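# An overview of the molecular structure
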Amino acid sequence: MEHFTGFDSYLFATGTHYEIYKKLGAHFVKNGRKNGVVFDVWAPHAENVWVVGSFNDWQASDDCKMELVGEVGVYEKFLPGIKDGELYKYMIETKDGELLYKADPYAVYAEVRPGTASVVHKLADFKWTDAEWMEKRAQGDVQKKPMFIYEVHPGSWMRHYGYTYDTGFYTYREFADRIIKYVKEMGYTHVELMGISEYPYDGSWGYQVTGYYAPTSRYGTPEDFKYVINKFHKNGIGVILDWVPAHFPRDAHGLANFDGQPLYEYEDPRMGEHPDWGTKIFNYGKNEVKNFLIGSAIQWAEDYHIDGLRVDAVASMLYLDYGKRDGEWVPNKYGGNENLEAIEFFKHINSCIVGRNPGFMMIAEESTAWPKVTGDVEDDGLGFTFKWNMGWMHDFLDYMKLDPYFRRDNHDKMTFAMSYNESENYILVISHDEVVHLKCSMLGKMPGLGPDPYRNLKVGYAFMLGHPGKKLLFMGQEFAQEREWSEERELDWFLLEEPEHRGVHEFVKALLKLYKNTPALYENDNNWNSMEWIRADDKDRSIFTFVRKSENGKNNLLFICNFTPMERSDYRVGVLSSKQHKLVIDSDDEKFAGCTKQHPKTYKPEKVLCDGREYSFGYDLSAYGVAVFKFDF
């Protein structure tokens, strides 16, 4: 029996064996009359390879020695009688005679850390019941659909009480049963899950991946993880995964120097290593490596029904000199700092996976001004669906951290992003990276004493909601978590017993409800058709007024956001329509822990010139006040 055929070799060598994970790795098969497992591993530089594990006391012998098949360096071995759940590794003898014990790069399941072995796992036939979701996902333009993402680290969202920091995790199924109710109640459209691909060190949060094809065993089995996705979909919630093709760790059981020589990484350390991170860089010029990564993405999309991948650290892949000093990097053939092989890789994978899976999203965490990240591949773009707007995030947080007195001199930080908004399809993000490493929680960044930090947070979130672009908030930000996030503990849910925290929580819930129910906030995020400043230059008062417009002229929204502790009882705002305006979000509302000021619910514009508009109306604007009005043209 030859499981890995000559045709498989051809496809793998050309980087187009898109379901390579069905051939490499460990698979239950029948060979003649014998049931067993066939093991296949790519190790072209190896002198010899054996399969060792719990089934043979981890001892190499002729019975478990693998044979070279094909022409690309794949070793194969069929072992009869292997049971589901057996641990295994590949023992690789290098050209220098060294013995390496490597986990299977294509394993679908891994030993619970601190163990590092792969697990023989017979994937059960999972009964998916999300056909309605998958069919709906494939229809329409994803750019015109609502997307407000809840970024979640499953191991620290909630935990069983009374355990140590590295135990007490909810299982995948427990996690799903609890978080889905919460996410639906809040109104998020998607969750983004951190730390799902297998990784050895909790403190890496899942960004030091050793198992690109395996959901982490911390929380359960692959079937348990499928249960999570299926249940999210049944409840109308999309699922995005963090995916890390930019680098991988040096762990002895991992991909680094896999067969005694650089295999998955570039051979030249100036190309193949990140000095600052202490990690290896994938060789994007090698077809088999590209195939390894593309296969991983396809498996998540097609076998696990994931709705999108947030691709980590894209800038580090695009720039050869990223995080490096002179002499630590090698220019491309034209003398530039662009990684031409990574560019080709992105065009290939984005075209492939979105083409095979309509409605699937590839999301770039890209922190520079690289052009056309979300542009069409046919137009020399990279082909991503969305790009995280890191520029907006930095400007927004820089502004929000300022004492209100100094905001007047930094007014353009809040308006600048609209000058380049049409250049990409953006997601506005306040991610986990902004609430760790002594950066403070979102609440901790806010100026003022007493209720002021909470009010600052609410006006900031309202501005974010109204600004064009899809949205993402990290867990805990929705109720003003006080401490920085740590993977070692659950969120401080007890804070919801406090009125101010509960007020922020209810405010975010109201914003999310408004977002999902108002197409003006999401159907034209990447152009000026849906956004008009009423007054963008009111820096002396640090007030921003703007309108989000719908395509049909109905249910437009007027935003008024006051970023100072100064009350403006005589405030007047120019409007685009003479029709009645209905107050739909009022930060003074008692349920938001506001100042309980009573405002009329409707406002009829008067023919009084203001803000360059023919019609206007007056509004009693509170300190740090937020008012959102709905109106028709």
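Our subject is the structure that appears above.
Note that this is a predicted model, so its numbers are computed, not measured. (Residues numbered from 1 in each chain as written. Predicted model: local features only at pLDDT ≥ 70, side-chain atom pairs only at ≥ 80, totals over all residues. Heavy atoms only, no water.)

## Describing the sheet that holds strand β19 (residues 426–430)
One key point about sheets: their strands pair by backbone hydrogen bonds, in either a parallel or an antiparallel sense. Here is the rule: Whether two strands pair depends on DSSP finding at least two bridges between them. Numbering of helices and strands runs from the N terminus; a helix is a DSSP stretch of H or I covering at least four residues, while a strand is a stretch of E covering at least two. Lines fitted to C-alpha atoms define the axes, with helix axes restricted to the stretch in contact, and inter-axis angles between N-to-C directions lie between 0 and 180 degrees. The contact rule is simple, with two residues in contact once any of their heavy atoms fall within 4.5 Å.
Pairing in this closed barrel of eight strands is parallel, and the strands run β9-β10-β13-β16-β17-β18-β19-β20 around the ring. Adjacent strand axes in the sheet meet at a mean angle of 25° when their direction is disregarded. Relative to strand β17 (residues 361–364), strand β16 (residues 308–311) runs parallel, the two being bridged by four bridges. The residue bridging Val-311 from the neighbouring strand is Ala-364, located in β17. Sheet strands touched by helix α4 (residues 172–186): β9 (148–152) and β10 (190–193). Its angle to β9, the strand with the most contacts, is close to 145°.

## Considerations on the packing of aromatic side chains
Quick reminder of the rule: Working definition: rings of Phe, Tyr and Trp (its six-membered ring) pair if their centres are within 6.5 Å, and the pair is stacked with planes under 30 degrees apart, edge-to-face with planes over 60 apart, and tilted otherwise. Only protein chains enter the accessibility calculation, which uses a 1.4 Å probe. A residue is then buried if its area is under 20% of the maximum for its type, exposed if over 50%, and partly exposed in between.
All told, the structure shown has 62 aromatic pairs when counted by the stated rule. Aromatic pair Tyr-212 and Phe-282: ring centres 5.6 Å apart, planes at 80°, arrangement edge-to-face. On the criterion of sequence distance, the pair formed by Tyr-212 in strand β12 (residues 211–215) and Phe-282 in the loop between β15 (279–280) and α7 (287–302) is long-range, its members being 70 residues apart. Note on accessibility: Tyr-212 and Phe-282 belong to one class, buried. With 5.2 Å between their ring centres and 85° between their planes, Tyr-319 and Trp-370 make a pair best called edge-to-face. Residue Tyr-319 is located in the loop between α8 (314–318) and α9 (340–356), and its partner Trp-370 is located in the loop between β17 and β18 (386–388); the two are separated by 51 residues in the primary sequence. The exposure class assigned to Tyr-319 is buried, which follows from its relative accessible area of 19%. Put simply, the rings of Phe-4, Phe-12, Tyr-21, Trp-42, Tyr-106, Tyr-212, Tyr-213, Phe-248, Phe-258, Tyr-264, Phe-282 and Phe-292 pair up and form one aromatic cluster.

## Points about the state of the cysteines
Defined as follows: The disulfide definition used here is simple: a pair of cysteine sulfur atoms within 2.5 Å.
Enumeration according to the criterion identifies zero disulfides in this entry. Note on Cys-610: no disulfide assigned, nearest cysteine sulfur contributed by Cys-561 at a separation of 16 Å. A relative accessible area of 14% places Cys-610 in the buried class.

## With respect to the environment of Asp-57
Mapped onto the elements of the fold, Asp-57 is located in the loop between β3 (48–53) and β4 (67–69). The class of Asp-57 is exposed, set by a relative accessible area of 60%. Linking Asp-57 and Tyr-88, residues 31 residues apart in sequence, is a C-alpha distance of 9.9 Å.

These values are about where atoms sit, not about what they do.
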